[in-house]
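# Understanding the architecture of this molecule
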Amino acid sequence: MARSRKTDRDKQRSLTVSVEEAQKIILDSVSPLGSETIPVIEAYNRILYEDIVSDMMIPPVDDSAMDGYAIIADDTLGASRRKPVRLRITGEIQAGVSRVGERVSHGTAMRIMTGAPIPEGADSVVPFEAARERAGYVTIFSESVRRNNCKPAGENINKGDTVLQKGDRLRSADVGILASLNYSTVKVYKQPTVSIISTGDELVEAGEEIHDGQIRNVNAYTLYSEVRKYNALPRYLGIARDTLNDTREKLVKALESDVVLSTGGVSMGKYDLVKAIHADLGIDILFEWINVKPGRPCTFGRTGGKLVFGLPGYPVPTLTSFIQFVRPALLKLMGARKIYKPLVSAFLEEDLAKHFTTVNLLRGYFTIRDQEFYVSTTGSQKSSVLRSMSKANCLIVIPENTKELKAGDKVAIQLIDHDEI
Ligand code: AMP
Ligand code: MG
């Protein structure tokens with residue numbers, strides 16, 4: 001008996017990893033998915049599969065930045081209120097018309113609208129409000145310099161510019177750039193499908209009748225939301241009851257997806273069956289425990305290119321583990337170049353009188369004052385208290401072996417709602 005306990009402990013030790021090791025093991029197991037071609041109008045938040053190199057100049061020719069008169073700047077030399085210059089108007093150019101055949105020569109001007117091409121010969125635009133027009137002539141009261149109110153060809157994008165790179169997440173402006181470069185479709189990475197299973201005999205879905213001793217299923221809802229947040233495709237398979245048959249059946253179904261997320265059933269309890277079923281299904285289990293608080297029971301394995309996560313049962317570590325471990329995997333599957341969340345330095349606003357032996361992820365709320373980050377905790381740090389996660393906008397990342405912290409100390413925080421910082 002004593003011997004088998006020792007063997008259990010040894011086994012546990014060998015399947016326990018640090019946060020960094022877990023992240024590395026996971027990322028090493030991921031190969032990005034392939035591509036698909038989609039309409040550009042649907043491309044927001046998708047990840048580019050190709051570099052976008054411009055084969056044109058935007059704007060293609062010099063055009064006007066204002067409504068006004070296209071002129072030759074030298075014609076206004078010496079112009080003033082007392083000695084204005086008069087130019088004969090020879091025509092008008094609207095946006096959207098070709099400038100072929102239009103020409104401004106000395107002593108003449110053309111009316112021009114914003115975005116219209118600058119006619120041959122002209123090199124400056126005097127806005128309507130700075131001139132007066134009467135009987136086919138325009139009077140100009142001050143000197144104009146060359147290139148005034150002219151947008152040069154290629155000012156926005158030049159031919160040969162790499163404007164977007166493979167692995168970029170497309171934001172609104174990027175989608176606009178694609179359209180301006182005449183892309184009506186674009187090649188992006190495929191979105192991973194992610195199956196979600198909650199495990200537990202005690203769980204009841206929202207909207208269903210509940211009895212003593214039962215609790216509401218929370219994790220399926222938070223995980224479904226996170227998967228959507230990163231633009232992967234969630235598929236909720238329902239609650240697996242704590243029997244080998246039910247849990248196994250749901251896991252087999254889940255393996256049709258690229259990623260499997262189950263919650264609960266990965267600890268040391270009598271009804272924690274997930275790991276045994278993973279082994280039985282031939283999943284190559286790469287770790288079972290992570291040295292982090294909350295979230296120590298967390299398994300990861302691989303089978304035939306599928307990633308299988310057994311996340312903790314309590315609602316908070318389910319989410320913090322998703323952020324640390326599932327999120328990077330999804331981003332790599334989707335071909336993203338930026339994977340890790342950077343840490344930001346913040347001043348702690350309260351004492352934390354505790355010795356942190358392992359890495360701790362505390363739920364925090366940061367504010368920015370005078371360009372500095374400040375952070376305080378959001379209440380109870382128990383794994384079951386989702387309320388303090390709901391109030392949090394960051395995680396305070398405390399390294400292992402940190403002696404007590406005092407208000408005013410600098411700590412590292414990870415912003416949970418801002419993926420760029
Ligand atoms: P387990 O590891 O399965 O024993 O789960 C640990 C704790 O998390 C237990 O108190 C469970 O009741 C709770 N829990 C497990 N799954 C969920 C879930 N989907 N929603 C809310 N709480 C859960
Ligand atoms: Mg359970």
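Please refer to the structure higher up on the page.
Residues numbered from 1 in each chain as written. Chains lettered and ligands numbered in written order. Predicted model: local features only at pLDDT ≥ 70, side-chain atom pairs only at ≥ 80, totals over all residues. Heavy atoms only, no water.

It is worth spelling out the overall build of the protein at this point. A count of helical and extended segments in the protein gives 8 helices and 27 strands. Seen along its three principal axes, the alpha-carbon backbone of the protein occupies a region of about 105 × 50 × 40 Å. Counting every position in the protein, which comprises 421 residues, the buried fraction comes to 45%. The contacts of the protein with a sequence gap of at least 6 include a subset with a gap of at least 24, amounting to 69%. (Helix = DSSP H or I, 4+ residues; strand = E, 2+ residues; numbered from the N terminus. Buried < 20%, exposed > 50% of the residue type's maximum accessible area, 1.4 Å probe, protein only. Contact = heavy atoms within 4.5 Å.)

Before going further, it helps to examine the sheet that holds strand 10 (residues 137-140). If you trace the 6 strands from one edge of the open sheet to the other, you get 8-5-7-6-10-9, paired in mixed fashion. In this open sheet, the two strands that pair with only one neighbour each are strand 8 (124-127) and strand 9 (131-134). Neighbour to neighbour, the strand axes of the sheet diverge by 35° on average, direction disregarded. Pairing of strand 5 (residues 68-71) with strand 7 (residues 108-112) involves 3 bridges; the strand directions are antiparallel. Looking at the pairing, Tyr-69 lines up with Arg-111 of strand 7. (Pairing = 2+ DSSP bridges. Axes fitted to C-alpha atoms, helices over the stretch in contact; angles between N-to-C directions.)

Below, the discussion takes up the site of ligand 1. Around ligand 1, a shell composed of 16 residues is seen, among which Glu-202, Asn-217, Val-218, Gly-265 and Gly-313 lie nearest. Measuring from an oxygen atom of ligand 1, one finds a backbone N or O atom of Gly-265 at 2.8 Å. Between ligand 1 and the protein, one listed contact pairs an oxygen atom with a backbone N or O atom of Tyr-314 at 3.2 Å. Notes on ligand 1: free accessible area 490 Å², of which the protein chains cover 80%. A majority-of-atoms criterion places ligand 1 in the largest pocket. Among the elements of the structure, strand 14 (193-199) and strand 16 (215-216) are those that each provide at least two residues to the shell around ligand 1. Across the shell around ligand 1, the residue classes break down as 5 nonpolar, 8 polar and 3 charged. (Near = heavy atom within 4 Å. Polar contact = N/O pair within 3.5 Å; in protein donor to acceptor, adjacent residues only side chain to side chain. Areas by Shrake-Rupley, 256 points an atom, 1.4 Å probe, with all protein chains shown as cover. 1 Å grid on protein atoms, 1.4 Å probe; cavity = no way out; pocket = protein on both sides within 12 Å on 5 of 7 lines; lining within 4 Å. Sits in = over half its atoms within 2 Å of the grid points. Nonpolar A, V, L, I, M, F, W, Y, C, P; charged D, E, K, R; others polar.)

Val-19, Ala-22, Gln-23, Ile-26 and Leu-27 are the residues of helix 2 (residues 19-28) that are buried. Looking straight down helix 2, one finds its buried side chains confined to an arc of 125°; they lie on one side. Away from its buried face, by an angle of more than 90 degrees, helix 2 presents the exposed residues Glu-20, Lys-24 and Asp-28. (Arc of directions from axis to C-beta.)

Attention now moves to the packing of aromatic side chains. On inspection of all chains with the given rule, the structure shows 8 aromatic pairs. Consider the rings of Tyr-221 and Tyr-236, whose centres lie 6.4 Å apart with planes at 55°: the pair is tilted. You can see Tyr-221 sitting in helix 4 (residues 219-229) and its partner Tyr-236 sitting in strand 17 (residues 233-240), a full 15 residues away along the chain. The partly exposed category is assigned to Tyr-221, whose relative accessible area is 39%. The exposure class assigned to Tyr-236 is partly exposed, which follows from its relative accessible area of 28%. For the cation-ring pair, Arg-86 lies above Tyr-137, with the distance from its terminal atom to the ring centre recorded as 4.2 Å. Over the ring of Tyr-374 we find Arg-369; its NZ or CZ atom is 4.1 Å from the centre of that ring. (Phe/Tyr/Trp six-rings, centres within 6.5 Å; stacked < 30°, edge-to-face > 60°. Lys NZ or Arg CZ within 6 Å of the ring centre and 35° of its normal.)

It is the rolling of a water-molecule-sized probe over the atoms that shows where space remains empty. The tally for this structure, following the rule as stated, stands at 1 cavity of 30 Å³ or more. Space inside the largest cavity adds up to approximately 40 Å³. Lining the largest cavity, in full, are Asn-45, Arg-46, Ile-47, Arg-169, Tyr-189, Lys-190, Gln-191, Asn-231 and Met-334. The residue inventory of the lining of the largest cavity, partitioned by class, reads 3 nonpolar, 3 polar and 3 charged. (Points joined across faces, edges and corners; volume = space filled by probe spheres on them.)

On to the packing of helix 4 against helix 7 (residues 315-333). The N-to-C vectors of helix 4 and helix 7 enclose an angle of 20°; their axes lie 10 Å apart at closest approach. The angle between helix 4 and helix 7 places the two elements in the roughly parallel class. For the pair helix 4 and helix 7, the sense of crossing is right-handed. Here Asn-219, Thr-222, Leu-223, Glu-226 and Val-227 of helix 4 lie close against helix 7, whose contacting residues are Pro-315, Thr-318, Leu-319, Phe-322 and Ile-323. Taken together, the residues that form the contact of helix 4 with helix 7 break down as 6 nonpolar, 3 polar and 1 charged. (Parallel < 35°, antiparallel > 145°, perpendicular 65-115°, else oblique. Left-handed = near helix turned anticlockwise from the far one by under 90°.)

Of the volumes computed, that of the largest pocket is approximately 550 Å³. Along the wall of the largest pocket there are 28 residues; nearest its centre are Glu-202, Gly-264, Gly-313, Tyr-314 and Pro-315. Taken together, the elements giving at least two residues each to the lining of the largest pocket come down to strand 16 and helix 7. Split by residue class, the lining of the largest pocket holds 11 nonpolar, 12 polar and 5 charged. For the second largest pocket, the calculated volume is near 480 Å³. Taken together, 22 residues line the second largest pocket, and the ones lying closest to its centre are Arg-169, Arg-171, Lys-338, Asp-419 and Glu-420. Residues of the lining of the second largest pocket, tallied by class, amount to 10 nonpolar, 2 polar and 10 charged.

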